[in-house]
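# Fold and contact review
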Amino acid sequence: MLHLAGTGLVVKLVLLILIFFSVVSWAIIFFKLLQVYRANSESERFLDFFWKTKRFDAVNSQLDRFTNSPLTVLFSEGYSELKRLVEKGDQKEELDVMSTELGGIENIARALRRATTSEITRLEKYVTFLATTGSTTPFIGLFGTVWGIMTAFKGIGETGSASLAVVAPGISEALIATAIGLVAAIPAVMAYNHFQYKIKVLIATMDNFSTEFLNIVQRTVTKK
């Protein structure tokens, strides 16, 4: 069994770097699993509540029930812009300020796009570290492997013997560096692909919600 205390300084440094990447990656994986699960679960609940509720003000009063859903941020921004536009009008009935022209609709659309961009940035935060881990740790481990083999050849040169006792330490260092590099990379790549898919689903959900929100506003304007 390889004792890390007996490894060379370079390999120790390589192993510490790989362990750092692995630990941080797993912390991110657990955090993002919880974040994405809550976002999906509460988004489904919010959509059910949204379509069952007939008034925007009633929906707005219950947003604290779905704090982890990105859709609540979109609704809040869209509804805030809608209220601002209404308050700028001479009449106070909802949407009358846009009954003669749809310029206000574009303001709401911009607010929804800003909120969507902000939520995408929040959901994708830290995910790029997983991609970095998956793409770099195998090469860091490979560097440790090469260094371990060099150490083995150095031992052969110094002793003039190719016995197992001479080459085993260097080969062991090489193998452990390779193994830890793969242990860090494989979960990170799998998690990155998983989160990318889940985030794409949430982005599609946000886009659909924004479209439906604007359609509701436009239909109300048309009726008036």
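Residues numbered from 1 in each chain as written. Predicted model: local features only at pLDDT ≥ 70, side-chain atom pairs only at ≥ 80, totals over all residues. Heavy atoms only, no water.

## With respect to the overall build of the protein
Filter applied, for reference: Note on conventions: DSSP H or I runs of at least 4 residues are helices, E runs of at least 2 residues are strands, and numbering of each starts at the N terminus. Residue contacts are counted whenever heavy atoms from the two residues lie within 4.5 Å of one another. The Shrake-Rupley method, run with a 1.4 Å probe sphere, supplies the accessible areas, and residue values consider only the shown protein chains as cover.
Looking only at helices and strands, one finds 6 helices and 0 strands in the protein. Relative to all contacts within the protein whose residues are 6 or more apart in sequence, the contacts with residues 24 or more apart total 75%. For the protein, the accessible area works out to roughly 12800 Å², and carbon and sulfur atoms hold 62% of it.

## Some points on the nonpolar core
Heads up, the condition is: What we call a nonpolar core is a set of buried Ala, Val, Leu, Ile, Met, Phe, Trp, Tyr and Cys residues that are connected through their side-chain atoms within 4.5 Å. Accessible area is worked out with a 1.4 Å probe on protein chains only. A residue is then buried under 20% of its type maximum, exposed over 50%, and partly exposed in between.
Grouped together as the largest cluster of nonpolar side chains are 39 residues, with contacts concentrated most on Phe46, Phe50, Phe56, Phe75, Ile108, Phe209 and Phe213. Those elements that place two or more of their residues in this core are α1 (9-52), α2 (56-60), α3 (70-88), α4 (103-124), α5 (127-159) and α6 (164-223). The contacts of phenylalanine 209, once residues within four sequence positions are left out, are Phe46, Leu47, Phe50, Leu71, Leu74 and Phe75. Counting 8 residues, the second largest nonpolar core, distinct from the first, contains Val14, Leu18, Ile140 and Ile180.

## With respect to the UniProt feature "transmembrane region" (unreviewed entry) in the protein
Inclusion rule: UniProt positions are given in the numbering used here, feature names are shortened, and annotations may be inferred rather than shown by experiment.
As annotated by UniProt and renumbered to match this structure, "transmembrane region" (unreviewed entry) occupies residues 13-34, 126-150 and 170-192. Secondary structure content for residues 13-34 is 100% helix and 0% strand, and the end C-alpha separation is 32 Å. This span, residues 126-150, is 96% helix and 0% strand, and a straight line between its end C-alpha atoms measures 36 Å.

## A word on the packing of aromatic side chains
Keep this limit in mind: Between rings of Phe, Tyr and Trp, where Trp is taken as its six-membered ring, a pair exists when centres lie within 6.5 Å; planes separated by under 30 degrees are stacked, by over 60 edge-to-face, and by other angles tilted. Only lysine NZ and arginine CZ atoms are considered, and such an atom sits over a ring when it is within 6 Å of the ring centre and within 35 degrees of the ring normal.
Evaluation of the coordinates by the stated rule reveals 19 aromatic pairs. Ring geometry for phenylalanine 31 versus tyrosine 126: centroids 6.1 Å apart, planes at 75 degrees, classification edge-to-face. Placement of phenylalanine 31 in helix α1 and of tyrosine 126 in the loop between α4 and α5 is noted, with a sequence separation of 95 residues between them. By relative accessible area, which is 41% here, phenylalanine 31 ends up partly exposed. Its relative accessible area of 41% is what places tyrosine 126 among the partly exposed residues. Their ring planes at 70 degrees and their centres at 5.1 Å tell us that phenylalanine 50 and phenylalanine 209 sit as a pair that is edge-to-face. Residue phenylalanine 50 is located in helix α1, and its partner phenylalanine 209 is located in helix α6; the two are separated by 159 residues in the primary sequence. For the pair formed by phenylalanine 50 and phenylalanine 209, the shared burial category is buried. Aromatic ring contacts, followed pair by pair, group Phe46, Phe49, Phe50, Trp51, Phe56, Phe66, Phe75, Tyr79, Phe209 and Phe213 into a single cluster. The ring centre of phenylalanine 49 lies 5.0 Å from the NZ or CZ of arginine 65, which sits over that ring.

## A closer look at the confidence of the model for the protein
This is how the line gets drawn: Note: pLDDT gives the predictor's confidence per residue, expressed from 0 to 100.
For the protein, the mean per-residue pLDDT works out to 83, and 78% of the residues sit at or above 70. By mean pLDDT, α5 is the weakest element of the protein at 82, and α1 is the strongest at 93. This model gives residues 90-101 a pLDDT under 50, and the stretch forms 30 contacts once residues within four places in sequence are excluded.

## Topic: the environment of serine 135
Defined as follows: Throughout this description, a polar contact denotes any pair of N or O atoms lying within 3.5 Å of each other; where both atoms belong to protein, one of them has to be capable of donating a hydrogen while the other can accept it, and for residues adjacent in sequence the pair is counted only when both atoms sit in side chains.
Looking at where serine 135 falls in the secondary structure, it is placed in helix α5. Along the primary structure serine 135 and alanine 185 are separated by 50 residues, whereas in three dimensions their C-alpha atoms are 7.1 Å apart. Within the local environment of serine 135, its side chain forms a polar contact with the backbone oxygen of threonine 132, the two atoms lying 3.2 Å apart.

## Considerations on the pattern of salt bridges
Formally: The working definition used for a salt bridge is a side-chain nitrogen of Lys or Arg within 4 Å of a carboxyl oxygen of Asp or Glu.
Going through the model one piece at a time under the given rule, you end up with 5 salt bridges. Its salt-bridge partner being arginine 55, residue aspartate 57 comes within 3.0 Å of it at the nearest N-O pair. Look at aspartate 57 and you get partly exposed, because its relative accessible area is 34%. Taken together, the salt bridges that share partners define one network made up of Glu106, Arg110 and Arg113.

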